[in-house]
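Close look at the chain arrangement
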Amino acid sequence: MATKSLKGRVHQLAESTRQLDFLKNGIFAPGGLLPTFEEKIKQSQSLPLRPKTLEILQMNLGYMCNQVCAHCHVDAGPDRKEMMSRKTLEKCLQILEKSPVSTLDLTGGAPEMHPDFRWFVAEASKIGVADFIVRSNLTILRANKKYYDLPDFFKAHRIHVVSSLPFYKKEKTDRQRGEGVFSQSVKALQMLNKVGYGMPGSGLQLDLVYNPSGAFLPANQQALENDFKKALKQDFDIDFNQLFTITNLPISRFLEYLIASENYEEYMQRLVDAFNPEAIANVMCTNTLSISWDGFLYDCDFNQMLDLKVVSPVQHLDDFDLDQLQNREICISQHCYGCTAGAGSSCQGAVV
Amino acid sequence: MKPSYYQSSDLKKFKNISDWSPDLGKKFFDYYNSVFEEGALSAREKSLIALAVAHTVQCPYCIDAYTQDGLERGVDKEEMMEALHVAGAIRGGASLVHGVQMMDVYEKRSM
Ligand code: SF4
Ligand code: SF4
């Protein structure tokens, strides 16, 4: 398993333009084996894809992470230094005060590694959003003593913790996320349970995210949640609220894996075959805006990683104007098939 | 002719068997889909049974399909291999249990 990001390895796929070239050519070239996403959604009369009411503001605080997961769509890792400046964080607070969003979603990398993380969480929770999510990779809670009190900090601010755990057993988890990740994740979940997270009646929401550990789609979310609940309770006495299944999108390190393992074409075929027209109405770009560390605006975190900025006169926080933004067309490419396969996929799990 | 009797791309054409007999094809696929729904057995358990049977009938399409289906359902490799051993044990046992017949005949015909 690689210990550096694509960028750190100076891999050609570190460039978003190379990824987009890949997604546009070959099987998706004009007259190619598979229809482009645009062609596909045209058939279901969903073109152009436009946003509905903005509900979720997702802020990517930076690409630094203590892990280097094989499937990471962010290409995060310890070698990534991009981080949101204090000025941009302040700007986000101003926008949060003015906009009608009901969910604030902090992601990364590992957002907890941002030096202003606690300050920002405290400030944002003063403004008050109905649902304040922090996406935690779990191992960060165990990575250093300075993070050990994070469960209490989360609790004090009524944070909704959403954590990745690709499987309820060691082997699959460690193969995707790195040696030792499973046992550290179990300890972190126990720490969260100890302060009340995921416990019945506590009101402290702890959800888990499942990504397939390979070139296949997630099965039924409810069935997997039942299996996770049973196994984690039985083996480690762990409780949690919901499981979100997320399909791996063919970008960044997952794209690298697909190509290197010669799974790319079959995986794309699988996504196209599993296209569900019902999912298109609820893809997350229809109610989310994603903000990058440097203050640019994107339809979603995936488009951020492909550097597909919003198609709007407003592309940066400095010019933020919600009415103008809501008028835009969403920028799509073949990676979008990951959001519409089967029961669909979003940061909140299945969409149909 | 194709270079091999089995083409992995043929799995996707499975539904084409309905082309020459739509009514029976429809009945078959309706039945097939119902069989694999959640029931007294979970869909996950049924997937493992299908994997074991696929190895017993040695169908490369079904082996491909139900290995992937198992991966999607979170079946791990130990579970898959144990299911195969069940198939192997029943297959081997089915041969060996006929040894009783062999032994009977042997004894009957021998002095
Ligand atoms: S998937 Fe999450 S935990 Fe893993 S490297 Fe990427 S950001 Fe870090
Ligand atoms: S990848 Fe982003 S833009 Fe494409 S469908 Fe998914 S959420 Fe929308």
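Above this text you will find the structure in question.
To start, this report covers the structure provided alongside it. (Residues numbered from 1 in each chain as written. Chains lettered and ligands numbered in written order. Predicted model: local features only at pLDDT ≥ 70, side-chain atom pairs only at ≥ 80, totals over all residues. Heavy atoms only, no water.)

1. Overview of the pattern of salt bridges
Residue and element names in this part refer to chain A. Using the criterion set out here, one finds 29 salt bridges over all chains in the structure. Between Asp 105 and Arg 135 there is a salt bridge, and its shortest N-O distance comes to 2.8 Å. You can see Asp 105 sitting in strand S2 (residues 103-107) and its partner Arg 135 sitting in strand S3 (residues 131-136), a full 30 residues away along the chain. Given the relative accessible area of 1%, Asp 105 is considered buried. (Salt bridge = Lys/Arg side-chain N within 4 Å of Asp/Glu carboxyl O. Helix = DSSP H or I, 4+ residues; strand = E, 2+ residues; numbered from the N terminus. Buried < 20%, exposed > 50% of the residue type's maximum accessible area, 1.4 Å probe, protein only.)

2. Some words on the sheet that holds S3 of chain A
In a beta sheet, neighbouring strands pair by backbone hydrogen bonds and run either parallel or antiparallel. Residues and elements named next belong to chain A. Read across the open sheet, the eight strands follow the order S6-S5-S4-S3-S2-S1-S7-S8; overall the sheet is mixed. Of all strands in the sheet, those with a lone pairing partner are strand S6 (243-245) and strand S8 (297-298), marking the two edges. Alignment of strand S1 (residues 56-60) against S2, held across five bridges, turns out to be parallel. The partner of Met 59 across the bridge, within S2, is Leu 106. Together, strand S5 (206-210) and S6 form the strand contacts of helix H9 (residues 221-236), whose direction differs from that of S6 by roughly 135 degrees. (Pairing = 2+ DSSP bridges. Contact = heavy atoms within 4.5 Å. Axes fitted to C-alpha atoms, helices over the stretch in contact; angles between N-to-C directions.)

3. Considerations on the site of ligand 1
In the vicinity of ligand 1, the contacting residues are Cys 65, Gln 67, Cys 69, His 71, Cys 72, Ala 76, Gly 109, Asn 137, Arg 177 and Arg 253 of chain A. Residue composition of the shell around ligand 1, by class: four nonpolar, four polar and two charged. (Near = heavy atom within 4 Å. Nonpolar A, V, L, I, M, F, W, Y, C, P; charged D, E, K, R; others polar.)

4. What to know about the interface of chain B and chain A
The partner chain A presents 17 residues to the eleven residues of chain B that form the contact. Summed over both sides, the interface between chain B and chain A buries roughly 1,100 Å², with carbon and sulfur atoms accounting for 41% of that surface. Ranking the residues of chain B by area buried against chain A places Leu 71, Glu 72 and Asp 76 of chain B at the top, with a combined share of 46%. Run the count over chain B and chain A and you get five salt bridges. Residue Asp 273 of chain A is joined to Lys 12 of chain B by a salt bridge in which the shortest nitrogen-to-oxygen separation is 3.6 Å. On inspection of chain B and its partner chain A, the count reaches seven residue pairs in polar contact (both at pLDDT 80 or more). Elements with a minimum of two residues in the side of chain B that touches chain A: helix H3 (60-72) and helix H4 (77-97) of chain B. (Buried area = accessible area lost by both parts, 1.4 Å probe. Polar contact = N/O pair within 3.5 Å; in protein donor to acceptor, adjacent residues only side chain to side chain.)

5. Quick look at the packing of aromatic side chains
For the structure shown, the criterion picks out 24 aromatic pairs over all chains. Seen from their ring centres, Phe 182 of chain A and Phe 236 of chain A are 5.6 Å apart, and the 65 degrees between their planes marks the pair as edge-to-face. You can see Phe 182 of chain A sitting in helix H8 (residues 181-194) and its partner Phe 236 of chain A sitting in helix H9, a full 54 residues away along the chain. For Phe 236 of chain A, a relative accessible area of 26% gives the class partly exposed. Each member of the aromatic cluster is reached from another via a ring pair, and the members are Phe 14, Phe 28, Phe 29, Tyr 32, Phe 36 and Tyr 66 of chain B. Its end group placed over the ring of Tyr 148 of chain A, Arg 142 of chain A keeps NZ or CZ at 5.5 Å from the ring centre. If you follow Lys 172 of chain A out to its NZ or CZ, it ends over the ring of Phe 167 of chain A, 4.6 Å from the centre. (Phe/Tyr/Trp six-rings, centres within 6.5 Å; stacked < 30°, edge-to-face > 60°. Lys NZ or Arg CZ within 6 Å of the ring centre and 35° of its normal.)

6. Observations regarding the site of ligand 2
If you check the shell around ligand 2, you find Leu 249, Val 283, Met 284, Cys 285, Cys 300, Phe 302, Asn 303, Ile 330, Cys 331, His 335, Cys 336 and Cys 339 of chain A and nothing else. The residue inventory of the shell around ligand 2, partitioned by class, reads ten nonpolar, two polar and no charged.

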